[in-house]
Amino acid sequence: MADWDLSADVIVIGSGSAGLSAALSAQHHGASVMILERSDKLGGTSAVSGGLPWIPNNNHMHEVGASDTREEALTYLRRLSAGKMDDALCETYVDTAADVIRFLEKETELEFVALTIPDYHPELEGGKVGRSLTARLFAAGTLGDLRPALRMSPHFPIPVSLADVADGKTNLLDPALIADRMAKDLVGTGHALMAGLIKAAQDKGIAMRRGVRARQLIIDNGVVVGLEAEADGKALRIGARRGVVIASGGFEWSEQLVKDFIYGPEPAPLSPPFNEGDGLRMAIDAGAELGNMSEAWYHASMRIPGEEYEGRQLNRLTSAERHSPGSIIVNAKGRRFVNEALSYHDVCLAMRALDPLTFDFPNARAWVIVHQGYLDRYTFLTRMPGDPVPRWLTRADSVRELATAIGVDADGLEQTVARFNENAARGVDPDFHRGESAYDRYYGDQEREGPFQTLGPLDQGPYYACELRIGTIGTRGGPRVNGKAEVLSNRGGIVPGLYAAGNAMASFTGMSYPGAGGTIGPALTFGHIAGRSAAAGSNRS
Amino acid sequence: MPAVSIERQVAASPEQAWAFIADMDNWAPLLTGYERHERFDDSRSRWTVRGELAGLTRVADIDVLITRWEAPTAIAFTLEGVDEPFTGSGEFSVLAAPPAVADAAAPAARPGRWARLRTALVRWLLSRLTKGAGAGEPPARDHAVAGQGGTLLRCNLEVTAGGGSGPIMNLLLGPILDTVAEDTAGRIIAAIEG
């Protein structure tokens, strides 16, 4: 088939961690590579994230005194699977992920370091610390002409690394430190990960075309040989001599796809608003078998009115607001319904619970409640201790008045606060066991001890509330793949020439979220596998 | 303390310039990021502005209090964030221009301990504020037309972020103030000159 406007051995759709990993892998294995990014920025969802990969049995765990085995990692993943995990892919992941990190450390300028963040259920069999890695600060200025094209995160506006938080020695509010980093154009979090990957791609001659939206695969005699794309309102035919890798993110910004596939209340996306399921639609057209379509990576989120990212309401990450003493989450009945200090994903699973008697989702509307003592000590979204109390926090002098102000059952909230306070003062939570897990306490107040790192009564008025929403970092359903990241056909076998990775592929972890970096770890790993497989052109024979 | 001082020569009489500046309704919409303003009385008003950094936009309400009114030459005011921990002050001056001004747009000297980092920070911020090639260079300044007389408009503005994040925010504010002042001044002058 001729008359291509552009062509390469391997075409990668998407410039997040899965796409860049695929591109670097394909190039390393001898292919010419072209990345297509529909927005004007490179980095995808990974760039706006914390940028952590969760890597079982990795080569940095010893730095934090941890160790791991294949069996422990598999045991932990299976324990969380709720019967929906793809066991073969799970084994592929555990067996490959650490090698991908070694590859990236060899082929890019990225340096990873292990964090002490516990897995999200460290007390379960196989649970650990040390599986979450972070890239060290990266000098983004080395990107040169591409520096303005690096997607920047609304969540992490200043150059910090999660390694700074973990080491406990770095004062992230030291203006001299931050000014020095800014002057050197150092970036952290997801910026660092993606800047490092993009820099390597740039150095290796991988073409990165922005503003090009892939729309439809071109299939010749049953083999994916290219795609049709749009750029500046014009159609492009782009040839792929060895394969096409779909790494274009999830479909959380497509109202229709979310309505069709995601059970229950629609989640509010925290990702850039370009993840509209482009890859999913192309895979469906190509006859791909779909999997895990009803699941997403959830994140309990809150909003500050008037904040927008890329022209859409920004949904903010939450952490201190759920982990710090003096805060609870309640539903419209004024009742707690979850251990607030669970992972952001697991809190959302509780928010999505259906009450079959009333046939509604009673926890889908929820509020974080704090007292003045909280605001005096801890951050609440962008407000720091000592700052004016912003109007987006509803304020009242008493718990009852606060309940009335936000439309919550006043008797229920008063009873809930009274019971929580009585138990929190003793350092226990018999209702939801908050404070019992090392993870609950990790993001709490480290100047306190044991369960009091996350437990504390709400006993100092005024009281404040902010609505909590079911958010999502991205959906996790899409074309199913095999251990080579080849897309499976709904008629059996594979779709020759088509690969998938990242949030665009059917996640093998079902509904579970094993730990910090549970999205990026698999994205880097299966991106790497997809790139290697595509470069080999193994499915063209 | 982040501060900006800007002078521009305007091809209009001082009386014309004062008539324009003295009514905030004339120039408020010309402020970079302006959304709306509400006048409570002759001295108090609330302004809503939208700031943008690296794709994130945020709306902020600012209470403005006029503290000195010296018609037809000067207006002084203070600023206070409603939801954000920052305060500030500023002054507009309308002066008869000397017959020749070599470089009316030259900014005042910038004091402060971060001066040596300023250039690098401007580059850092502009790379986020702008999308395409050419980022990293400050916007070109319009030089006043020398020898025309007319009016010299001067604006001084200081803004200080407080609270826990204040020291970091102050790093970001300086370059942003420069950009906002340059853009806004250009639009005001164009409006006065008709």
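The rules behind the values
Residues numbered from 1 in each chain as written. Chains lettered and ligands numbered in written order. Predicted model: local features only at pLDDT ≥ 70, side-chain atom pairs only at ≥ 80, totals over all residues. Heavy atoms only, no water. Helix = DSSP H or I, 4+ residues; strand = E, 2+ residues; numbered from the N terminus. Rg over C-alpha atoms; globule rule 2.2 N^0.38 Å. Buried < 20%, exposed > 50% of the residue type's maximum accessible area, 1.4 Å probe, protein only. Areas by Shrake-Rupley, 256 points an atom, 1.4 Å probe, with all protein chains shown as cover. Lys, Arg positive; Asp, Glu negative; His and termini not counted. Charge placed at Lys NZ, Arg CZ, Asp CG, Glu CD. Contact = heavy atoms within 4.5 Å. Buried area = accessible area lost by both parts, 1.4 Å probe. Salt bridge = Lys/Arg side-chain N within 4 Å of Asp/Glu carboxyl O. Polar contact = N/O pair within 3.5 Å; in protein donor to acceptor, adjacent residues only side chain to side chain. Nonpolar A, V, L, I, M, F, W, Y, C, P; charged D, E, K, R; others polar. Axes fitted to C-alpha atoms, helices over the stretch in contact; angles between N-to-C directions. Parallel < 35°, antiparallel > 145°, perpendicular 65-115°, else oblique. Left-handed = near helix turned anticlockwise from the far one by under 90°. Core = buried A, V, L, I, M, F, W, Y, C linked by side-chain atoms within 4.5 Å. Disulfide = S-S within 2.5 Å. Arc of directions from axis to C-beta. Expected span 1.5 Å × (residues − 1). Pairing = 2+ DSSP bridges.

Q: With reference to specific residues and values, describe the overall build of chain A.
A: Counting secondary structure elements, chain A contains 16 helices and 22 strands. Computed over the C-alpha atoms, the radius of gyration of chain A is 23 Å, within 12% of the 24 Å expected from 2.2 N^0.38 for a compact globule of 541 residues. Referenced to the eigenvectors of the C-alpha coordinate spread, the extents of chain A come out at roughly 75 × 55 × 50 Å. Burial statistics for chain A: of 541 residues in total, 62% are counted as buried. Approximately 19000 Å² of chain A is accessible, and the part contributed by carbon and sulfur atoms is 48%. Side chains of chain A carry 54 positive and 67 negative charges; the gap between the two charge centres is 2 Å.

Q: I'd like a description of the overall build of chain B, backed by residues and values.
A: Of regular secondary structure, chain B possesses 4 helices and 7 strands. Overall, chain B shows an N-to-C arrangement of helices and strands of β-α-α-β-β-β-β-β-α-β-α. For chain B, the residues scored as buried account for 44% of the 194 residues in total. Considering only residue pairs separated by 6 or more positions, chain B has 60% of its internal contacts joining residues 24 or more positions apart.

Q: Please set out the interface of chain A and chain B residue by residue, giving values where relevant.
A: On the chain B side, the residues contacting the 36 residues of chain A number 31 residues. Here chain A and chain B share an interface that buries about 2700 Å² over both sides, 60% of which is from carbon and sulfur atoms. Here chain A is connected to chain B by 4 salt bridges. Linking E308(A) and R50(B) is a salt bridge whose minimum nitrogen-to-oxygen distance equals 3.6 Å. Summed over the shared surface of chain A and chain B, the result is 8 residue pairs in polar contact (both at pLDDT 80 or more). Elements with a minimum of two residues in the side of chain A that touches chain B: α6 (175-183) and β14 (308-309) of chain A. Split into classes, the residues belonging to the side of chain A that touches chain B amount to 23 nonpolar, 2 polar and 11 charged.

Q: Describe the side chain of R476(A), with residues and values.
A: Residues and elements named next belong to chain A. Mapped onto the fold, R476 is located in the loop between β19 (463-475) and β20 (478-479). In this structure, R476 is buried with no salt-bridge partner, the nearest side chain bearing the opposite charge being E295 at 5.3 Å. A polar atom in the side chain of R476 sits 3.2 Å from the backbone oxygen of G510.

Q: Can you tell me about the pattern of salt bridges, naming the residues and giving the values?
A: All names here are of chain A. Following the criterion strictly, the structure yields 51 salt bridges over all chains and no others. Note that E467 and R469 form a salt bridge whose closest N and O atoms lie 3.7 Å from each other. The exposure class of E467 is partly exposed, given its relative accessible area of 22%. Here the salt bridges share partners, and the residues they tie into one network are R70, R78, D87, E91 and D95.

Q: Just give me the short version of the packing of helix α13 (residues 399-406) of chain A against helix α14 (residues 410-424) of chain A, but keep the residues and values in it.
A: Residue and element names in this part refer to chain A. One can describe the packing of α13 onto α14 by two numbers: an axis separation of 8 Å at closest approach and a directional angle of 135°. On the basis of their axis angle, the class for α13 and α14 is oblique. When the axes of α13 and α14 are compared, the crossing they make is right-handed. Between α13, through V399, R400, A403 and T404, and α14, the contact on the second element is made entirely by A410, D411, L413, E414 and V417. Here the residues of the contact of α13 with α14 sort into 5 nonpolar, 1 polar and 3 charged.

Q: A description of the nonpolar core should follow, citing residues and the corresponding values.
A: Residue and element names in this part refer to chain A. Membership of the largest hydrophobic core comes to 107 residues, with the highest contact counts inside it found for L227 and I238. If you tally residues by element for this core, the top one is helix α4 (residues 87-107), at 10 residues. When near neighbours in sequence (up to four residues on either side) are disregarded, I238 contacts W4, L6, I11, M34, L36, V212, V225, G226, L227 and A229.

Q: Which residues make up the state of the cysteines, and what values do they have?
A: All told, the structure shown has 0 disulfides over all chains when counted by the stated rule. Here C348(A) is not disulfide-linked; the sulfur of C466(A) is the nearest cysteine sulfur, at 14 Å.

Q: Just give me the short version of the packing of helix α1 (residues 17-28) of chain A against α4(A), but keep the residues and values in it.
A: Residues and elements named next belong to chain A. Running from amino to carboxyl end, α1 crosses α4 at an angle of 75°, the nearest separation of the two axes being 12 Å. Judged by the inter-axis angle, α1 sits roughly perpendicular to α4. Contacts from S21, L24, S25 and H28 of α1 reach α4 at V100, F103, L104 and E107. Residue composition of the contact of α1 with α4, by class: 4 nonpolar, 3 polar and 1 charged.

Q: Pulling in residues and values, what's your account of helix α1 (residues 14-21) of chain B?
A: All names here are of chain B. Taken together, the buried positions of α1 are occupied by A17, W18, F20 and I21. The buried side chains of α1 occupy one side of the element, clustering within an arc of 160° when seen end-on. Buried residues along α1 sit in contact with α2 (24-27), β4 (56-70), β5 (74-81), β6 (86-96), β7 (151-161) and α4 (166-193).

Q: Got a sec to walk through unusual backbone geometry? Specific residues and values, please.
A: The omega torsion of the bond from G461(A) to P462(A) falls at -5°, within 30 degrees of zero and hence cis. Following the sequence through the fold, P462(A) ends up in the loop between α15 (438-442) and β19. Cis geometry is adopted by the peptide bond preceding P72(B), which originates at A71(B) and carries an omega value of 5°. Residues other than glycine seldom take positive phi values, yet H433(A) does so here, at roughly 65°. Mapped onto the elements, H433(A) comes out in the loop between α14 and α15.

Q: Could you give an account of helix α16 (residues 520-536) of chain A, with specific residues and numbers?
A: All names here are of chain A. For α16, which comprises 17 residues, the first-to-last C-alpha distance of 24 Å matches the rise-based estimate of 24 Å (1.5 Å per residue) to within 8%. Most of α16 sits out of view: 15 of its 17 residues are buried. Note on α16: the residue one or two positions beyond its end, G537, has a positive phi of about 55°.

Q: Help me get a handle on the pairing of strand β8 (residues 212-220) of chain A, residues and values and all.
A: All names here are of chain A. In the sheet, β8 pairs with strand β9 (residues 223-231) via 8 bridges, with the strands oriented antiparallel. Opposite L217, over in β9, you have L227 as the bridge partner. Hairpin geometry of β8 and β9 is characterised by an intervening segment of 2 residues between the two adjacent antiparallel strands and by a positive phi of about 55° at N221.

Q: Break down the environment of R241(A) for me, citing the residues and quoting the values.
A: All names here are of chain A. Mapped onto the fold, R241 is located in strand β10 (residues 234-246). With relative accessibility at 46%, the residue R241 sits in the partly exposed group. Residues R241 and G127, spaced 114 residues apart in sequence, show a C-alpha to C-alpha distance of 43 Å. A distance of 3.1 Å separates polar atoms of two side chains, one belonging to R241 and the other to S7.

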